[in-house]
Amino acid sequence: MNKLYVVGMGPGAYEEMTIRAVKTLEKCQVIVGYTLYVELIREHFPDKEFFTTPMRQEVERCRLALETAQGGRTSAMICSGDAGVYGMSGVLLELGREYPQVEIEVVPGVTAAVSGAACLGAPLMHDFAVISLSDLMTPWELIERRLRSAAEADFVICLYNPSSRKRADYLKRASDVLLQIRKSVNLCGIVKNIGRENAGSRICTLEELRETQTDMFTTVFIGNSSTKEMNGRLVTPRGYVW
Ligand code: SAH
């Protein structure tokens, strides 16, 4: 059976890959991925053959990986964070039905919600909802409905894809939906470039979040009604009684 691994490489730094992810890539001959992610890890795997495809060419990238595996070379498709969280493992498994000789194994990675939470402190100690603001595949009305439901249920909310050049005002629009339900002083966190150059995080209120311009390398956290700032860290109390 020819093997194709779909590997979550964590937020960016080599140190944040799991040992299983590193060992998996070490036993592969070919590593396929989006150019930016390949560049983040290339130096650590000097004897591998790398195939890169630009952003948006997800299906082509998956077919390339499936075809190299089918051709007999042990291959890996890498994704940032976890491959199963807004990543490629779903589409790879769907397309994989056309390549019955290829066995696909999913190797988990540290997703941005988790690595970003660690930068801020401990915002995800209680129930949380993860919502992507990208409306490429999800209609904006559905995104708003999910935002509203999570806000009403007092979930901590973690936003992926908070904005991009084309969607410059999406975080503002999402904040407006949340502000209909949550208080303007609701604490939030913004984390940029986790595990990469120019990493940074900051804590603000929901009102301030509304005025913040983010980019596609940012993950946003909206605390629940008990989330607090403690010594500069964002903490959602677990509910232990002191
Ligand atoms: N599979 C990835 C998510 C891909 S969607 C994962 O599990 O993390 C892309 C979104 O993820 C970005 O817009 C951003 O919101 C978040 N993200 C991914 N890597 C990040 C990083 N290094 N720093 C900050 N946010 C990141």
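The structure reproduced in this document is the subject of the present report. (Residues numbered from 1 in each chain as written. Predicted model: local features only at pLDDT ≥ 70, side-chain atom pairs only at ≥ 80, totals over all residues. Heavy atoms only, no water.)

Focus: the environment of His 44
Here is step 1: Locating His 44 in the fold gives a position in the loop between α2 (35-41) and β3 (49-53).
Here is step 2: Residues His 44 and Val 22, 22 residues apart in the sequence, show an inter-C-alpha distance of 9.3 Å. (Helix = DSSP H or I, 4+ residues; strand = E, 2+ residues; numbered from the N terminus.)

Things to note about the sheet that holds strand β1 (residues 2-8)
Here is step 1: Strand order in the open sheet formed by five strands is β3-β2-β4-β1-β5, with parallel pairing between adjacent strands. Edge positions in the open sheet fall to β3 and β5 (102-107), since each of these has one partner strand only. Each strand axis lies, on average, 20° off the axis of its neighbour in the sheet, ignoring direction.
Here is step 2: The sheet contact formed by strand β2 (residues 30-34) and β3 spans five bridges and is parallel. Directly across from Gly 33, in β3, lies its bridge partner Thr 52. (Pairing = 2+ DSSP bridges. Axes fitted to C-alpha atoms, helices over the stretch in contact; angles between N-to-C directions.)

Thoughts on the site of the ligand
Here is step 1: Close contacts around the ligand come from 19 residues, with Val 85, Thr 111, Met 216, Thr 218 and Thr 219 the closest.
Here is step 2: At 2.7 Å, a backbone N or O of Val 85 approaches a nitrogen atom of the ligand.
Here is step 3: One of the backbone N or O atoms of Thr 218 is found 2.6 Å from an oxygen atom in the ligand.
Here is step 4: Here the ligand loses 93% of its free accessible area of 530 Å² to cover by the protein chains.
Here is step 5: Each residue belonging to the shell around the ligand can be placed in one class, and the counts come to 10 nonpolar, seven polar and two charged. (Near = heavy atom within 4 Å. Polar contact = N/O pair within 3.5 Å; in protein donor to acceptor, adjacent residues only side chain to side chain. Areas by Shrake-Rupley, 256 points an atom, 1.4 Å probe, with all protein chains shown as cover. Nonpolar A, V, L, I, M, F, W, Y, C, P; charged D, E, K, R; others polar.)

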